[in-house]
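Architecture at a glance
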Amino acid sequence: MPTGLRNFLHTFFDPGHLGSVFPSLLKDGLLNTLEISALAILFGTTIGMLLATLLVSRRWYLRAPARAYVDVFRGLPIIVTVMMVGLGLPIAGLHIFGRNSYPYAVMALALVSGAYMSEIFRSGIQSVDRGQMEAARSLGLSYLGAMRLVIVPQGVRRVLPALTNQFVAMVKDSSLVYLLGLLASQRELFSIAKDTTFETGNLSALTAAGIVYLAITIPLTHTVNWLDRRMRDGGAVRLAGGDTSAPSLQLLSAQEGR
Amino acid sequence: MSLETPTQQAPAVAVTGLTKKFGEHTVLRGIDLQVDRGKTVCLIGASGSGKSTLLRCMNLLEQPTSGTVLLDGLDITGRDVDIDAVRSHVGMVFQQFNLFPHMSVLRNLTLALRKVRKLSKEQAEDVALARLAEVGLSAYVKHRPGQLSGGQQQRVAIARSLAMEPRVMLFDEPTSALDPELVKGVLDIMRQLAAKDMTMVVVTHEMGFAREVADHVAFLDDGLIVEEGPPASVFDSPRSDRLRAFLSQVL
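Attention in this report is confined to the structure presented alongside it. (Residues numbered from 1 in each chain as written. Chains lettered and ligands numbered in written order. Predicted model: local features only at pLDDT ≥ 70, side-chain atom pairs only at ≥ 80, totals over all residues. Heavy atoms only, no water.)

1. What about the nonpolar core?
Going by this rule: In these notes, a set of buried Ala, Val, Leu, Ile, Met, Phe, Trp, Tyr and Cys residues joined through side-chain atoms within 4.5 Å is what counts as a nonpolar core. Remark: exposure states derive from per-residue accessible area (1.4 Å probe, protein chains only) relative to the maximum for the residue type, with buried under 20%, exposed over 50%, and partly exposed in between. Helix numbering and strand numbering both begin at the N terminus, where a helix is a DSSP run of H or I of at least 4 residues and a strand a DSSP run of E of at least 2. Every residue pair with non-hydrogen atoms within 4.5 Å of one another is taken to be in contact.
Of all hydrophobic cores here, the largest spans 135 residues; its most connected members are B:Leu33, B:Leu54 and B:Ile158. For this core, the leading source of residues is helix H5 (residues 101-126) of chain A, giving 13 residues. Those residues in contact with B:Leu54 that lie beyond four places of it in its chain are B:Val15, B:Leu18, B:Leu28, B:Ile31, B:Leu33, B:Leu43 and B:Leu220.

This is how it looks when you write it as structure tokens:
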């Protein structure tokens, strides 16, 4: 084996180092990473949806602040936002979440992902045919009622795959919480790996963390894709009951799945 | 005054001095039109003549530039009018059906009954099933709109409007997007509605339907009603050159 390759394998794929870090990655790191990213996705999606409804408003004074928000938080490096929120707020005397780093990190990530998601939701909402809003309003639904019941549900379905990117990004960016300082019990995948590499002088712990990240993000991606396909096929599958054209449709979706 | 307690003396729809501009482009140049209760009025004319815009002004899908629209005597262009409430009493059927594709046929009908009329789930479904039976689609309640033919979709759309028990039904070229063999089913339903004295305003290119069913026909050209009257006089003895030219092209 060439020396270079042997050095590379030793540095990143040393079986002993890999094996010794996995238990703490899976026991503490995994749950902590999932906690931060799940909360960031939850709040980020909420912020994104609220912003999107403002972005499609016909009133400029609703649109303008939302547009400014998106421009700022999408334009800043995420690491800057994490620092500004997580270190800046407490320095300014705003200990809104006490001394726990997690809520600050979740807030920063949610603020950023909200900006990205609002653009995704906006494009979905605007892709819905104008006639849908007209039909809903003609039945006497208010603008917001029509949005909530008719337009947004259709728009969201169309952008599900694009949202996946954002969910995956949240899982990965949850590692930035380490910038804010963590108790030993709060360490997530990346900070456990980082601390281990400092102790051992070997980078295999990072590889181990990478494998666990993939174990989260790949199933996540495929779950959303599966959901997306199921919603799309929803009509076609039920068509199988009473229509002769159904077999060909089922065939089509089966082929897409492969 | 509200649409829940209509004044029987007032015409169902009274349009006065209606104009509509889109930017610099003037689409309606001063329309006066009256639709009496229980009558069917057909709006005919070339595309671009303003007939769809006129119809859409009757439930404020388009905001008139000037003029008034009275529904059962209520000026719906007034500032303090609850337009959502007004629209819930005016049925609208679109050329492209505009059913909600993410909902079952049944839910297309019950949505507004529950959210606007505040009926219970059971009440709303009773009303919806009755309306779907009237348009011959009881077998399709659980289907999605995308699984139906265009003609079936349009009949669902009509049922959806009827479920709200509208004071007036507006039809915007309801058969223009349909394959020829599906047109008759939709026109038959509209015929039955007219026979049951539903007040209807119909923008249509179906001259046969207009002649047979309409009580009153208005011919629009370039944003004005050029000629109007009973179908027999409009179709058989047109007075203006423009109507004669139009009829020679479509008949």
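2. Considering the packing of aromatic side chains
Residue and element names in this part refer to chain A. Our working definition: Stacked, tilted and edge-to-face are the three classes assigned to paired rings of Phe, Tyr and Trp, where Trp is represented by its six-membered ring and a pair needs centres within 6.5 Å; plane angles under 30 degrees give stacked, over 60 edge-to-face, the rest tilted.
Applying the stated rule across the entire model yields seven aromatic pairs over all chains. Judged by centre distance (5.3 Å) and plane angle (40 degrees), the ring pair of Phe-8 and Phe-12 falls under tilted. With Phe-8 and Phe-12 both in helix H1 (residues 3-12) and four residues apart, this pair spans about one turn of that helix. Summarising the aromatic geometry, the rings of Tyr-69 and Phe-73 are spaced 4.6 Å apart at their centres and angled 40 degrees between planes, so their arrangement reads as tilted. Of this pair, Tyr-69 and Phe-73 are both found in helix H3 (residues 60-75), four residues apart, which corresponds to roughly one turn of the helix.

3. Some details on helix H3 (residues 105-115) of chain B
When you tally the buried positions in H3(B), you get eight out of 11 residues, the bulk of the element. At its buried positions, H3(B) is contacted by helix H7 (143-173) of chain A together with helix H4 (121-134) and helix H5 (150-162) of chain B.

4. Observations concerning the interface of chain A and chain B
Which entries qualify depends on this criterion: Two parts placed together each lose some accessible area under a 1.4 Å probe, and adding up what both lose gives the buried area. Salt bridges are defined by distance alone: a side-chain nitrogen of Lys or Arg within 4 Å of a carboxyl oxygen of Asp or Glu. We call two N or O atoms a polar contact when they sit within 3.5 Å, provided that within protein one can donate a hydrogen and the other can accept it, with sequence-adjacent residues counted only if both atoms are side-chain atoms.
Every contact between the two is made by 21 residues of chain A and, on the other side, 24 residues of chain B. Summing both partners gives a buried area of about 2,000 Å² for chain A against chain B, and 57% of it is carried by carbon and sulfur. Counting every contact that joins chain A to chain B gives two salt bridges. Counting across the chain A and chain B interface gives seven residue pairs in polar contact (both at pLDDT 80 or more).

5. Section: the packing of helix H2 (residues 15-55) of chain A against H3(A)
Residues and elements named next belong to chain A. Threshold: The convention used is that axes are lines fitted to C-alpha atoms, helices contributing only their stretch in contact, and that angles between N-to-C directions extend from 0 to 180 degrees. Each angle gets one of four labels, with under 35 degrees taken as roughly parallel, over 145 as roughly antiparallel, 65 to 115 as roughly perpendicular, and the rest as oblique. Handedness of a crossing is defined here by the sense of rotation of the near helix relative to the far one, left-handed for an anticlockwise turn of less than a right angle and right-handed for a clockwise turn.
Packing of H2 against H3 brings their axes to within 8 Å, and their N-to-C directions diverge by 135 degrees. If you check the angle between H2 and H3, you find them oblique. Of the two elements, H2 crosses H3, and the hand of that crossing is left-handed. Contacts from Ile-47, Leu-51, Leu-54 and Leu-55 of H2 reach H3 at Leu-62, Arg-63, Ala-66, Arg-67, Tyr-69 and Val-70.

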